[in-house]
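Inside the fold
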Amino acid sequence: MIAMESLDGSSPAQGALEYVPVPAFEDNYIWLVSDGRDAVVVDPGDAAPVEAYLAKRGWRLTAILLTHHHQDHVGGVKALLDRRSAEGGVPVYGPASERIEHLTQRLSGGDPVNIAHPALAFSVIDVPGHTAGHIAYFQAADPHGTPHLFCGDTLFASGCGRLFEGTPQQMLASLDALAALPDTTQVHCAHEYTLSNIRFARAVEPDNDALSRWDAAAQALRVSGKPTLPTTLAHEKAVNPFLRADVPAIHTRLEEQFGAPVADRLEAFRMMRGWKDKFR
Ligand code: ZN
Ligand code: FE
């Protein structure tokens, strides 16, 4: 490959994108995607840490993307818009079927999202379960060809979201839709729940070697103050029990735990989700 001179000579890292998890509240991550000049924000539950990070890097906010209506994902939208009202604000993308203030672009599954600065193309995936109208944003290829997913509170590292407004069937179908994306997809989740998810995952699958290795690696990351994210779909398929509802060893373990037969993967998923809700 011959290195191409950048045509507009704008920056040495032309074409590169940075994906940054900005910590908020106890355990939220607000993701920023930037080309080094402009940035979009995903699920800004709080404006202050986003403004601080934008200022530190000298980035200009050009769009807000929302996955679902919960306050820890939308609570900072008004303050971000107010601060930019003189320039007419920025577009606010979000789920068409949820009641969210300040939305300017209402999205549902299959819709494209094209942002000019930074240059970003997403497709929208419907992922009901955590909330009824929850959506995810899939970027098929960054400038290096890597796919990226922003999935809010649907899929977490080694776990999945609680079912506040949906059925196990809906959530399993949503996770199946995400698992069908390329294995190399970088998964940008909205919470740092990894260590507690791993504790549960190990209770479900004590003999999963990939999971015990991941436990050690994730603990080391947290000890040094680093996020455990992004994860990848390949990794999640190896260690996340909610993407492994068809694994026979998991069915055996659930039969032990509940003293009842596991009919199929939906039943296994429903049992795991219920167990996790009470797991301490
Ligand atoms: Zn939520
Ligand atoms: Fe959340």
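See above for the structure.
Now for a quick tour of the structure. All values derive from a computational prediction rather than experimental measurement.

About the cut-offs
- Residues numbered from 1 in each chain as written.
- Chains lettered and ligands numbered in written order.
- Predicted model: local features only at pLDDT ≥ 70, side-chain atom pairs only at ≥ 80, totals over all residues.
- Heavy atoms only, no water.
- Core = buried A, V, L, I, M, F, W, Y, C linked by side-chain atoms within 4.5 Å.
- Buried < 20%, exposed > 50% of the residue type's maximum accessible area, 1.4 Å probe, protein only.
- Contact = heavy atoms within 4.5 Å.
- Donors = N, O, S within 2.8 Å, 3.2 Å for Na, K, Ca; no water.
- Tetrahedral: all angles 85-135°; square planar, octahedral: opposite > 155°, others 65-115°.
- Helix = DSSP H or I, 4+ residues; strand = E, 2+ residues; numbered from the N terminus.
- Pairing = 2+ DSSP bridges.
- Axes fitted to C-alpha atoms, helices over the stretch in contact; angles between N-to-C directions.

Let's talk about the nonpolar core
- Ranked by size, the top nonpolar core spans 54 residues in total, and within it Ile115, Tyr137 and Leu178 carry the most contacts.
- Every residue in contact with Ile115, bar those within four places of it in the chain, is listed here: Val40, Thr62, Ala63, Leu65, Tyr93, Leu120 and Phe122.

A short note on the coordination of the iron ion (ligand 2)
- Taken together, the protein ligands of the iron ion (ligand 2) are Asp72 (OD), His73 (NE2), Asp153 (OD) and His191 (NE2), with distances of 2.1 to 2.3 Å.
- Angles of 85 to 165° at the metal separate the 4 donor atoms of the iron ion (ligand 2), which places the site in the irregular class.
- Spacing between the donor residues of the iron ion (ligand 2) along their common chain follows D-H-x79-D-x37-H.
- Between the two metal centres, the iron ion (ligand 2) and the zinc ion (ligand 1), the spacing is 3.2 Å, with Asp153 acting as a shared donor.
- Relative accessible area serves as the criterion here: at 0%, His73 is assigned to the buried category.

Re the pairing of strand S2 (residues 28-34)
- Of all 7 residues that make up S2, 7 are buried, and the element is covered over most of its length.
- Here S2 shows two buried faces, one formed by Asn28, Ile30, Leu32 and Ser34 and the other by Tyr29, Trp31 and Val33.
- When strand S1 (residues 18-24) meets S2, the two strands line up antiparallel, connected through 7 bridges. The partner of Glu18 across the bridge, within S2, is Ser34.
- Between the end of S1 and the start of S2, which pair antiparallel, lie 3 residues, with Phe25 showing a positive phi angle near 50°.
- With 4 bridges joining them, S2 and strand S3 (residues 38-42) adopt antiparallel strand pairing. Within the sheet, the bridge partner assigned to Val33 lies in S3 and is Val40.
- Joining the antiparallel neighbours S2 and S3 is a turn of 3 residues, in which Gly36 adopts a positive phi near 100°.

Focus on the sheet that holds S1
- Pairing within the open sheet is mixed, and its 6 strands lie in the order S1-S2-S3-S4-S5-S6. Every other strand in the sheet has two partners, leaving S1 and strand S6 (105-107) as the edge strands with one partner each. For this sheet, the mean inter-axis angle between neighbouring strands, taken without regard to orientation, is 25°.
- In terms of strand pairing, strand S4 (residues 60-65) meets strand S5 (residues 92-95) through 2 bridges, oriented parallel. Its bridge partner lying in S5, Ile64 is registered against Val92.
- Across the face of the sheet, helix H1 (residues 47-57) comes into contact with S1, S2, S3 and S4 while running at roughly 140° to S1.

Examining the sheet that holds strand S9 (residues 135-139)
- As summarised here, the arrangement of the 6 strands in space is S7-S8-S9-S10-S13-S14, forming an open sheet in which the pairing is mixed. Here the strands that pair on one side only, and so sit at the sheet edges, are strand S7 (112-115) and strand S14 (231-232).
- Pairing between strand S8 (residues 120-126) and S9: 4 bridges, direction antiparallel. Paired with Asp126 across the strands is Ile135, a residue of S9.

Things to note about the coordination of the zinc ion (ligand 1)
- For the zinc ion (ligand 1), the full set of protein donor atoms is His68 (NE2), His70 (ND1), His130 (NE2) and Asp153 (OD), and the range of their distances to it is 2.2 to 2.3 Å.
- Considering all 4 donor atoms around the zinc ion (ligand 1), the spread of angles at the metal, 87 to 172°, places the coordination shape in the irregular class.
- Motif for the zinc ion (ligand 1), donor spacing along one chain: H-x1-H-x59-H-x22-D.
- Overall, the relative accessible area of 0% leaves His68 in the buried class.
- Judged by relative accessible area, which is 16%, His70 ranks as buried.

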